[in-house]
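# A closer look at the structure
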Amino acid sequence: MAEVKISAEIRTEFGKGAARRARRANKVPAVVYGHGADTVHVTLPGYDLMMALKTSNALISLDIEGRTELVIPKAVQRDPLKGFVEHIDLLAVKRGEKVTVEVAVQTEGDLAPGANLLEHVLNTVTVETEATHIPESVTVSIAGLDAGDSVLAKDVPLPSGTTLVTDEDAVVLQVLAAQAEEPAAEGAGEGAEA
């Protein structure tokens, strides 16, 4: 995963009014925390941040007025209607440090012939990995799976250096047999008069 470099400015104004002014200037209020250091309040360029967040678990190199800080997004608040980023919490990390993150589960291959449906019980699995080697996603082969088969978290192939945090017996994917709709019985619901 490549590092994304973003310049940040220290925030001196706080509150709803200051946040609205920052958003009007296409900046996103953010908080950087971690490693027992004091919390740093910053604003980030909205477009650069939006592009960085297109990659899940993006590794961001923040230039905070001359000081470089390596961070990953921890909590992103978006506008419910327009979808733009309103605020972001960033976790400071160090090279070589292990972090716990959620990674998307993707599938490849085709199910066994028949009218089967694939249900994604979990869309992500939680893993522990090095901060500079966070996988964007994990891929599970569903080739040949038939109705009643399932894939457990322990069956998900993980890159080297990555360990599973999600319960290993948790069902990630399961194959269901398609349900045919029963035809309505004739005369059902009609009262018979004698």
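Refer to the structure above for everything that follows.
Residues numbered from 1 in each chain as written. Predicted model: local features only at pLDDT ≥ 70, side-chain atom pairs only at ≥ 80, totals over all residues. Heavy atoms only, no water.

### What to know about the overall build of the protein
Note the threshold: Strands are runs of DSSP state E lasting at least two residues, helices are runs of H or I lasting at least four, and both sets are numbered from the N terminus onward. Atoms counted for the radius of gyration: C-alpha only. Globule rule: 2.2 Å times the number of residues to the power 0.38. Here's how the labels work: a residue is buried when its accessible area is under 20% of the maximum for its type, exposed when over 50%, partly exposed in between, all with a 1.4 Å probe on protein chains only. We call two residues in contact whenever any of their non-hydrogen atoms come within 4.5 Å of each other. Values of accessible area rely on a 1.4 Å probe in the Shrake-Rupley scheme; residue burial ignores everything except the protein chains shown. His is not counted, nor are the chain ends, whereas Lys and Arg count as positive and Asp and Glu as negative. To locate a charge, take atom NZ for lysine, CZ for arginine, CG for aspartate or CD for glutamate.
Helix and strand counts for the protein stand at two helices and 13 strands. In terms of overall dimensions, the protein is more spread out than a globule: its C-alpha atoms have a radius of gyration of 24 Å, far above the 16 Å expected for 194 residues. Considering only C-alpha atoms, the protein reaches an extent of 85 × 50 × 25 Å along its principal axes. Burial status across the protein gives 35% buried among its 194 residues. Contacts in the protein between residues at least 24 apart in sequence constitute 63% of all its contacts with a sequence separation of at least 6. Of the roughly 11,700 Å² of accessible surface on the protein, a fraction of 48% belongs to carbon and sulfur atoms. Computed over 17 positive and 30 negative side-chain charges, the inter-centroid distance for the protein is 18 Å.

### Observations concerning the pattern of salt bridges
Quick note on the threshold: Each reported salt bridge corresponds to a side-chain nitrogen of Lys or Arg within 4 Å of a carboxyl oxygen of Asp or Glu.
All told, the structure shown has three salt bridges when counted by the stated rule. When the shortest N-O distance is used, the salt bridge between Lys27 and Glu9 registers 3.2 Å. Within this pair, whereas Lys27 is found in strand S2 (residues 27–33), its partner Glu9 is found in strand S1 (residues 3–10), the two being separated by 18 residues in sequence. Note that Glu69 is salt-bridged to Arg67, the shortest N-O span being 2.8 Å. A relative accessible area of 40% places Arg67 in the partly exposed class.

### What to know about helix H1 (residues 16–24)
To be explicit about the condition: The arc refers to the directions leading from the helix axis to the C-beta atoms.
Ala18, Ala19 and Ala22 are the residues of H1 that are buried. End-on view of H1: buried residues confined to an arc of 100°, all on one side of the axis. Of the exposed residues in H1, the ones pointing more than 90 degrees away from its buried face are Lys16 and Arg24. Looking at the buried side of H1, the elements it contacts are S2 and strand S3 (40–45). Looking one or two residues past H1, Asn26 carries a phi angle of roughly 60°, positive in sign.

### Remarks on a nonpolar patch on the surface
Note the cut-off: Like charges are joined within 9 Å and nonpolar side chains (Val, Leu, Ile, Met, Phe, Trp, Tyr) within 5 Å, but only among residues with over 30% relative accessible area and no salt bridge; these make up the patches.
On the surface, a cluster of nonpolar side chains totalling about 300 Å² of accessible area is made up of Tyr47, Met50 and Met51. Secondary-structure assignment places Met51 in helix H2 (residues 46–52). In this structure Met51 comes out as partly exposed when scored by relative accessible area, which is 37%.

### Quick look at the nonpolar core
Operational definition: Definition used in this section: a nonpolar core is a set of buried Ala, Val, Leu, Ile, Met, Phe, Trp, Tyr and Cys residues joined via side-chain atoms within 4.5 Å.
Ranked by internal contacts, the top residues of the largest apolar core, which has 23 residues, are Ile72, Val93, Val99, Val101 and Val172. Within the residue set of this core, elements represented by two or more residues are strand S5 (67–78), strand S7 (98–108), strand S9 (124–130), strand S10 (137–141) and strand S13 (171–177). Ranked by residues supplied to this core, first place goes to S7 with four residues. Apart from the residues within four sequence positions on either side, Val99 is in contact with Ile72, Val93, Val127, Glu128, Thr129, Ala131 and Ile134. Core analysis: the second largest hydrophobic core is formed by 20 residues, Val42, Ala52, Leu90 and Ala92 among them.

### Some remarks on the side chain of Thr162
Basically, it comes down to this: In protein, a polar contact requires one atom able to donate a hydrogen and another able to accept it; more generally it is a pair of N or O atoms within 3.5 Å, and residues adjacent in sequence count only if both atoms are side-chain atoms.
With respect to the element layout, Thr162 can be found in the loop between strand S11 (150–152) and strand S12 (163–164). Overall, Thr162 belongs to the buried group, its relative accessible area being 11%. A polar side-chain atom of Thr162 sits 3.2 Å from a polar atom in the side chain of Thr129. Thr162 has contacts with Val127, Glu128 and Thr129, leaving out every residue within four places of it along the chain.

### Focus: the side chain of Glu69
Positionally, Glu69 belongs in strand S5. Within polar-contact distance, the side chain of Glu69 engages the side chain of Arg67 at 2.8 Å. Discounting chain neighbours no more than four positions away, the residues touching Glu69 are Val32, Ile60, Ser61, Leu62, Ile64 and Ala92.

Function cannot be inferred from these measures alone, as they are strictly geometric.
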